[in-house]
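Inside the fold
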Amino acid sequence: FLLMIYAFSSLIPYLLDILNFTDPKTIIQLLASKITKENIISTTKSESYDNVNYMPSGGPFHPLSDIMISALMKYDYGTIKDCLDSIEDSMQKILKNSKFSDTEELDAANHLFLEHILRVGEIAVDRNDQVSVSIILKSLSTIGLKAANLNYSLFSALSVRAIGKIGEKAATKNDKSI
């Protein structure tokens, strides 16, 4: 009988860890820890963007953009904001502590803005989700401004380009509210 109580009580810390993973913020933080300069550069190649059939590779942003798309479908603004905040924080640390060559900066910015955040923004526009669009635009502008302050002109330029593309998408839908 004592052995059964001991065995059951030894499972309690593991159960608490499993319950901790039901909170999206925990998973987002775990995935955001994988955003490093090396992981970004290893998943981007500038020659890939010229290929018409190019699809985004895995990379450190892909799981977070998938979580954001899933949250968009459920109108879960907190999860979208948590994902974007973790991307902002990770990118600010990378930009402060690393140096990118022009090619690396272009590849990383294309990968982040034009493949992942822009895709989420376009889906939000398609769903007429004004709140999500405003959260995404605010995040894009924040990342762009922080990059500009750190003299990363390509990051800031592609951030502005992504904002413009989301605006174009809203204009083609003739959605004046976005």
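Conventions we followed
- For every chain, the first residue of the written sequence is number 1, and numbering continues from 1 along that sequence.
- Under the rules for a predicted model, residues below a pLDDT of 70 receive no local features and side-chain atom pairs below 80 are neither given nor counted, while totals for whole chains, interfaces and linings still include all residues.
- Working from all heavy atoms in the structure, the side-chain values ignore hydrogens and water.
- Starting at the N terminus, helices and strands are each numbered in turn, a helix being any DSSP run of H or I of at least four residues and a strand any DSSP run of E of at least two.
- Accessibility here uses a 1.4 Å probe with only protein chains present; expressed as a share of the type maximum, an area under 20% marks a residue as buried, one over 50% as exposed, and anything in between as partly exposed.
- Working definition: the arc comes from the directions between the helix axis and the C-beta atoms, pointing outward to the latter.
- Contacts are residue-level and defined by heavy atoms, with any inter-residue pair within 4.5 Å sufficient.
- Each patch is built from residues lacking any salt bridge and having more than 30% relative accessible area; the joining distance is 9 Å for like charges and 5 Å for nonpolar side chains (Val, Leu, Ile, Met, Phe, Trp, Tyr).
- Using a 1.4 Å probe, accessible areas were evaluated by the Shrake-Rupley method; residue-level cover was limited to the displayed protein chains.
- The term salt bridge refers to a side-chain nitrogen of Lys or Arg lying within 4 Å of a carboxyl oxygen of Asp or Glu.
- The angle between two axes is taken between their N-to-C directions and runs from 0 to 180 degrees, where each axis is a line fitted to C-alpha atoms and a helix contributes only its stretch in contact.
- Roughly parallel here means an angle under 35 degrees, roughly antiparallel means over 145, roughly perpendicular means 65 to 115, and every remaining angle is called oblique.
- Left-handed describes a crossing whose near helix is turned anticlockwise from the far helix through less than a right angle; right-handed describes the clockwise counterpart.
- Only buried Ala, Val, Leu, Ile, Met, Phe, Trp, Tyr and Cys residues count toward a nonpolar core, and they belong to the same one when joined by side-chain atoms within 4.5 Å.

The subject of this paragraph is the overall build of the chain. The secondary structure content of the chain amounts to 8 helices and 0 strands. Along the chain, helices and strands appear, N-terminal first, in the series α-α-α-α-α-α-α-α. Among the 178 residues that make up the chain, the fraction classed as buried is 36%.

This part is about helix α2 (residues 24-32). Restricting attention to buried positions, one finds in α2 the residues T26, I28 and A32. Down the axis of α2, the sector holding all buried residues measures 165°, keeping them to one side. Buried residues along α2 sit against α1 (2-20), α4 (62-73) and α5 (77-97).

Tracing the backbone through its elements, the reader meets V133 in helix α7 (residues 130-149). A sequence separation of 11 residues divides V133 from E122, and the C-alpha atoms of the two residues are 8.4 Å apart.

Taken together, the side chains of F8, L11, I12, Y14, L15, L16, I18 and L19 present a nonpolar region at the surface, about 860 Å² in accessible area. On the accessibility criterion, F8 (56% relative accessible area) is exposed.

A positive phi angle is found at Y75, which is not glycine, with a value near 55°. On the accessibility criterion, Y75 (42% relative accessible area) is partly exposed. Phi angles above zero are rare outside glycine, and N151 is one such case at about 65°. Positionally, N151 belongs in the loop between α7 and α8 (153-172). By relative accessible area, which is 70% here, N151 ends up exposed.

For the rest of this paragraph, the subject is the packing of α7 against α8. As a packed pair, α7 and α8 sit with axes 7 Å apart at the nearest point and diverge in direction by 160°. Relative to α8, the element α7 lies roughly antiparallel. Considering the relative orientation of α7 and α8, their crossing is left-handed. Contacts between α7 and α8 involve V133, I136, L137, L140, S141, G144, A147 and A148 from the first element and F155, S156, S159, A162, I163 and I166 from the second.

Moving on to the environment of A162. Counting through the fold element by element, A162 comes out in helix α8. Note on A162: relative accessible area 0%, which makes it buried. Residues A162 and L140, spaced 22 residues apart in sequence, show a C-alpha to C-alpha distance of 7.7 Å. The contact partners of A162, leaving out residues within four places of it in the chain, are F113, L114, L118 and L140.

Moving on: the environment of S98. Counting through the fold element by element, S98 comes out in the loop between α5 and α6 (102-126). Apart from the residues lying within four places of it in its own chain, the contact partners of S98 are K37 and Y152.

Its place among the elements puts S139 in helix α7. Setting aside its immediate chain neighbours within four residues, S139 contacts L84 and E88.

Side chains of nonpolar character tend, in soluble globular proteins, to be buried together. I35, I87, M91, F113, I117, I136 and F155 are the most contacted members of the largest nonpolar core, which totals 38 residues. Counting only elements with at least two residues in this core, the list comes to α4, α5, α6, α7 and α8. At 9 residues, α6 tops the list of elements feeding residues into this core. For I87, the residues in contact, after removing those within four places along its chain, are I35, F61, L64, M68, L112, I117 and I143.

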